[in-house]
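Notes for the structure review
Residue strings, one per chain:
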Amino acid sequence: MENFGEQAQKITAMREGGRILGNLLKDLKAYVKPGMTGKEIDAWVRSEIVRRGAKVAYDYLEEDFPGAICISVNDVLVHGAPNDELLEEGDKVSFDLDLLYDGYYTDSAFTMIVGDRSSPAVKEMIKTTEKAMWAGIDQVRPGARIGDIGFAVEKVLRRGKLGVIENYVGHGIGKEMHESPEVPNYGIRGHGYKLKAGDTICIEPMSCLGKPANYIDETNWSVHMKDGSIGCHCEHTVLVTDDGSEVLTLPE
């Protein structure tokens, strides 16, 4: 259990790490253009992480991930390994990035459409998944249960007639990239771990336009939708405060 000094250090480090992460992802969204490759984007992200005073979190995984950021295109839901394929106008791409700053991790993700041409269905999926994430964040306060978050997320996704991914979930975060408790995108109100002030968790809805079944390809990382439909992923790191919550990974 953390003492007061450790918790204060954790919150200070995660606030700064989250600020760096939020600003980097904001700049990344403006940087991405049709014709870029995943590896080209990955190299830019790696250099920006270092330039901004943080560390590449994926370099510290037990299993080697081939990049500094997950880049998941079209039917790839999450954990996409950067590759040499060109991004095309209208592609859906999700970016998932962890940073390590002063001994603590922060984690955030967003989904966008490359270029100016967009599918109305994909555009609506992104909008609904972001709405689901914020519905989950709105539940965060001392005494709330993990099931309250999952219930709120799932309600928005199902109202939007999206597939709800159940085999990948949010998580606690701090000195480790993934800590307890798990934070599913479905749940029963009043059930699960009870949040307390000082907890830091990642809320990350994942959805799809088809059925939620998925598989990992030969990279041993990239998770594809089995039916080839488009997947979506949004995420923020959230601190439980004394009277509510604070989103740590927002840009300035």
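Throughout, a residue's number is its position along its own chain's written sequence, starting from 1. Only residues with pLDDT of at least 70 are given local features in this predicted model, and only at 80 or more are side-chain atom pairs given and counted; all residues enter the totals for whole chains, interfaces and linings. Values reported for side chains reflect all heavy atoms of the structure, with hydrogen atoms and water molecules removed beforehand.

1. Focus: the packing of aromatic side chains
Each aromatic pair joins two rings of Phe, Tyr and Trp (for Trp, the six-membered one) with centres within 6.5 Å, and gets the label stacked for planes under 30 degrees apart, edge-to-face for over 60, and tilted for any other angle. A full pass over the atoms with the stated rule returns four aromatic pairs. With a centroid separation of 5.2 Å and 65° between ring planes, the pair formed by Tyr58 and Phe65 is classed as edge-to-face. For the residue pair Tyr58 and Phe65, the accessibility class agrees, reading buried in each case. Ring centres of Phe65 and Trp221 lie 5.1 Å apart, and the angle between their planes is 90°; this geometry places the pair in the edge-to-face category. On the criterion of sequence distance, the pair formed by Phe65 in the loop between strand 1 (55-56) and strand 2 (70-73) and Trp221 in the loop between strand 11 (214-216) and strand 12 (223-225) is long-range, its members being 156 residues apart. The class for Phe65 is buried, based on a relative accessible area of 8%. Assessed through its relative accessible area of 19%, Trp221 is described here as buried. Among the aromatic residues, ring-to-ring pairing joins Tyr58, Phe65 and Trp221 into one connected group. Each residue gets one of three labels from its accessible area relative to the maximum for its type: buried under 20%, exposed over 50%, partly exposed in between, using a 1.4 Å probe on protein chains only. Secondary structure elements are taken from DSSP: a helix is a run of H or I of four residues or more, a strand is a run of E of two residues or more, and numbering for both begins at the N terminus.

2. Some thoughts on a negative patch on the surface
In this analysis, a patch consists of residues with relative accessible area above 30% that form no salt bridge, clustered at 9 Å for like charges and at 5 Å for the nonpolar side chains Val, Leu, Ile, Met, Phe, Trp and Tyr. Only the protein chains shown count as cover for residues, and the accessible areas themselves come from Shrake-Rupley with a 1.4 Å probe. The term salt bridge refers to a side-chain nitrogen of Lys or Arg lying within 4 Å of a carboxyl oxygen of Asp or Glu. Charged-residue counts in this description rest on Lys and Arg as positive and Asp and Glu as negative, His and the chain ends being excluded. The atom standing in for a charge is NZ when the residue is Lys, CZ when it is Arg, CG when it is Asp and CD when it is Glu. A contiguous patch of negative charge, built from Glu62, Glu63, Asp64 and Glu176, is present on the exposed surface. Note on placement: Glu63 falls in the loop between strand 1 and strand 2.

3. Thoughts on the packing of helix 1 (residues 4-31) against helix 2 (residues 38-51)
Lines are fitted to the C-alpha atoms to define the axes, a helix being fitted only along its stretch in contact, and any angle between axes, read from their N-to-C directions, falls within 0 to 180 degrees. For the pair helix 1 and helix 2, interaxial distance at closest approach is 11 Å and the crossing angle is 150°. With respect to each other, helix 1 and helix 2 are oriented roughly antiparallel. Seen along the crossing, helix 1 lies across helix 2 with a hand that is right-handed. Contacts from Leu24, Asp27, Leu28 and Tyr31 in helix 1 reach Glu40, Ile41, Trp44, Val45, Glu48 and Ile49 in helix 2. Residues are grouped as follows: nonpolar covers Ala, Val, Leu, Ile, Met, Phe, Trp, Tyr, Cys and Pro; charged covers Asp, Glu, Lys and Arg; every other residue, Gly included, is treated as polar. Classifying every residue of the contact of helix 1 with helix 2 by side-chain character gives seven nonpolar, no polar and three charged. By definition in this entry, angles of less than 35 degrees are roughly parallel, angles greater than 145 are roughly antiparallel, angles of 65 to 115 are roughly perpendicular, and the rest are oblique. Two helices that cross are described as forming a left-handed crossing if the nearer one is turned anticlockwise from the farther one by less than a right angle, and a right-handed crossing if clockwise. Between two residues, a contact is recorded if the distance between any of their heavy atoms is within 4.5 Å.

4. Details of the sheet that holds strand 10 (residues 206-208)
What the three strands build is an open sheet, ordered 6-10-13; its pairing is antiparallel. In this open sheet, the two edge strands, each paired with only one partner strand, are strand 6 (163-164) and strand 13 (231-233). Strand contacts of helix 3 (residues 120-137): strand 10 and strand 13, with the helix running at about 35° to strand 13, the strand carrying the most contacts. Two strands pair under a simple rule: DSSP has to find at least two bridges between them.

5. Quick word on the side chain of Thr237
By secondary structure assignment, the location of Thr237 is in strand 14 (residues 236-240). Judged by its relative accessible area of 0%, Thr237 is buried. Here the side chain of Thr237 touches Asp107 through a polar contact of 2.7 Å, landing on its backbone oxygen. With residues up to four places along the chain from it excluded, the contact list for Thr237 reads Met14, Thr106, Asp107, Ile173, Ile201, Cys202, Glu246, Val247, Leu248 and Thr249. For this analysis, a polar contact is any N or O atom pair within 3.5 Å, provided that within protein one partner can donate a hydrogen and the other can accept it, and provided that sequence-adjacent residues contribute only side-chain to side-chain pairs.

6. Thoughts on the side chain of Ser222
When you line up the elements, Ser222 lands in the loop between strand 11 and strand 12. A polar side-chain atom of Ser222 sits 3.0 Å from the main-chain amide nitrogen of Ala81. Once residues within four sequence positions are removed from consideration, Ser222 is found in contact with Val76, Val78, His79, Gly80, Ala81, Tyr215, Ile216 and Asp217.

7. A short note on the environment of Asp59
Mapping Asp59 onto the fold places it in the loop between strand 1 and strand 2. Within the structure, Asp59 has its side chain in polar contact with the side chain of Arg46 (distance 2.9 Å).

8. A short note on the pairing of strand 9 (residues 200-203)
The alternating pattern of strand 9 places Thr200 and Cys202 on one face and Ile201 and Ile203 on the opposite face, and all of these are buried. Across two bridges, strand 7 (residues 170-172) lies against strand 9 in antiparallel orientation. Within strand 9, the residue paired with His171 across the bridge is Cys202. Where strand 9 lies against strand 14, four bridges are found, and the strand directions are antiparallel. Across the sheet, Ile203 pairs through a bridge with His236, a residue of strand 14.

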